[in-house]
Amino acid sequence: MKKNTNKTNKKNLGKNKKIFFFFMSVLMIFTLNYLAFSPATVVKQISMTKNLSSSYLNNQINSILAETTDTEVVRMLPYDFSAPKNPPSSSNFFKEDGKTCYKDSTIEVTCWKEYAKANGAEICFADVKIKHPSQFRRQWANGDYNSSRSQYPTNIFALSNGVVGMSSDFYKFRKYGVVVQYGTVICDKRSTDPRQKYLDVLVIDYNGDFKIWNDQELSEHISKNGADDIMLSFTFGPALIKDGVAYDPAIEKGYPLGESYMYSGRAVIGQIEKLHYLLCTYGKPGVKRQDMVSVMQEKGCVTAYNLDGGQSGTLIIKNKVYNQIAYKGNQRSMSDILYFCSAE
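Anyway, here's the lowdown on the structure attached to this text. It should be emphasised that the depicted structure is a prediction, and the values quoted were computed from it without experimental measurement.

1. Details of the overall build of the chain
Now for step 1: Helix and strand content of the chain: six helices and 19 strands.
Now for step 2: Looking at the chain residue by residue over its 344 residues, the buried ones come to 50%.
Now for step 3: Taking contacts inside the chain between residues at least 6 apart in sequence as the whole, the part at least 24 apart equals 69%.
Now for step 4: As presented, the chain carries roughly 17100 Å² of accessible surface, and 52% of it is formed by carbon and sulfur atoms.

This is the structure in structure tokens:
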């Protein structure tokens, strides 16, 4: 009788432990959701202390929930300037129907090439799906946004442990613009010349969603509210698609960056849906900005944004340049790239 009682007690103890861990997990999730409404809390904690507790806690909670329920595990990376510790597994790269692919439990990438009917230009695409917004990252030359030196995109990418990446806005090439990363304002300069046109800014929030602001709007927002609600921002432009609609082509007239009214090699990023993105480079002899609107709309982008193109436009996968770089065919030394990585 005593043995049966002990067995019953052990079973009850096991059940109680599971129940306890389940309710603790729920409590932790509510806490994280509360913090998620104020990314400033998370960003301030990590950027100032380099504390990985928030990402660690999230990952532990999801692991517990996966064991006790059918909940899918969604891992996150810390919101700081570091690169992920683990490089992508070489065994997860593969070829399929002539396309270069990568797949693990946290990211799927498919790269392929097309050729424009009008002029035979090479168009390279990278379709990217991630599980968590923290997998969308930015890297700087020499791993430091304050670095006075530039590097080739592949050298910058080598620091990132990324799966796929692309040249971004070359922020040190310009005198003006607004650049933010995890609530840290890296550059916030507006021209005092009244003839200076507004610059479009690609703002990415902590859900990984794209928004198009102009640099004055963003600068005013930062002055009033700070930048803690901004995960990343890029200043180049002009915008191509906003809320599914082609952006006003009148912006081309006098836009100070990107030579949007001229034929040029292009580098563009778009968002198709939640945590689903498209990178694109268009090779020589190039196209006008308006042509890139059509390219990105055909691929399903609801938001699309022009980055630094020409010889700067570089698409990278497996630490190699995937596209034929415009003009000289050689990489241009730059200050920054954007990239996507695994969270495994």
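That shown, we press on.
2. Observations regarding the sheet that holds strand β2 (residues 99-103)
Now for step 1: One open sheet accounts for nine strands, arranged β1-β2-β3-β4-β15-β14-β16-β12-β13; its pairing is antiparallel. Pairing within the sheet leaves two strands with one partner each, and these edge strands are β1 (93-96) and β13 (245-246).
Now for step 2: Summarising the sheet, strand β4 (residues 122-130) and strand β15 (residues 276-287) pair through seven bridges and their orientation is antiparallel. Its bridge partner being in β15, Cys124 is matched across the sheet by Thr281.
Now for step 3: Sitting on the sheet, helix α6 (residues 289-298) is in contact with β4, β12 (239-242), β13, β14 (264-273), β15 and β16 (303-307), with an inclination near 140° to β15.

3. Considering the nonpolar core
Now for step 1: Ranked by size, the top nonpolar core spans 41 residues in total, and within it Phe136, Val164, Ile269 and Phe340 carry the most contacts.
Now for step 2: Broken down by element, the residue count for this core peaks at four residues, all from β4.
Now for step 3: Once residues lying within four places of it in the same chain are set aside, the contact partners of Val164 are Val109, Cys111, Ala126, Val128, Phe157, Leu279, Leu315, Ile316, Ile317, Tyr339 and Phe340.
Now for step 4: Ranked by size, the runner-up nonpolar core spans 19 residues in total, among them Trp112, Ala121, Ile123 and Phe125.

4. Concerning the side chain of Ser312
Now for step 1: Position of Ser312 relative to the elements: it lies in the loop between β16 and β17 (315-317).
Now for step 2: The exposure class assigned to Ser312 is buried, which follows from its relative accessible area of 0%.
Now for step 3: Looking at Ser312, its side chain comes within polar contact range of the side chain of Arg332, at 3.0 Å.
Now for step 4: Leaving out residues up to four positions away in the same chain, Ser312 has contacts with Ser167, Phe170, Arg332 and Met334.

5. Remarks on the packing of aromatic side chains
Now for step 1: Tallied over the full model, the rule gives 14 aromatic pairs.
Now for step 2: Members of the aromatic cluster, each reached through a chain of ring pairs, are Tyr79, Phe81, Trp140, Tyr145, Tyr171, Tyr182 and Tyr206.
Now for step 3: The residue whose ring lies beneath Lys299 is Phe125, and the NZ or CZ to ring-centre distance is 4.9 Å.

Definitions and cut-offs
- Residues numbered from 1 in each chain as written.
- Predicted model: local features only at pLDDT ≥ 70, side-chain atom pairs only at ≥ 80, totals over all residues.
- Heavy atoms only, no water.
- Helix = DSSP H or I, 4+ residues; strand = E, 2+ residues; numbered from the N terminus.
- Buried < 20%, exposed > 50% of the residue type's maximum accessible area, 1.4 Å probe, protein only.
- Contact = heavy atoms within 4.5 Å.
- Areas by Shrake-Rupley, 256 points an atom, 1.4 Å probe, with all protein chains shown as cover.
- Pairing = 2+ DSSP bridges.
- Axes fitted to C-alpha atoms, helices over the stretch in contact; angles between N-to-C directions.
- Core = buried A, V, L, I, M, F, W, Y, C linked by side-chain atoms within 4.5 Å.
- Polar contact = N/O pair within 3.5 Å; in protein donor to acceptor, adjacent residues only side chain to side chain.
- Phe/Tyr/Trp six-rings, centres within 6.5 Å; stacked < 30°, edge-to-face > 60°.
- Lys NZ or Arg CZ within 6 Å of the ring centre and 35° of its normal.

Spatial relationships are all this shows, so hold off on functional conclusions.
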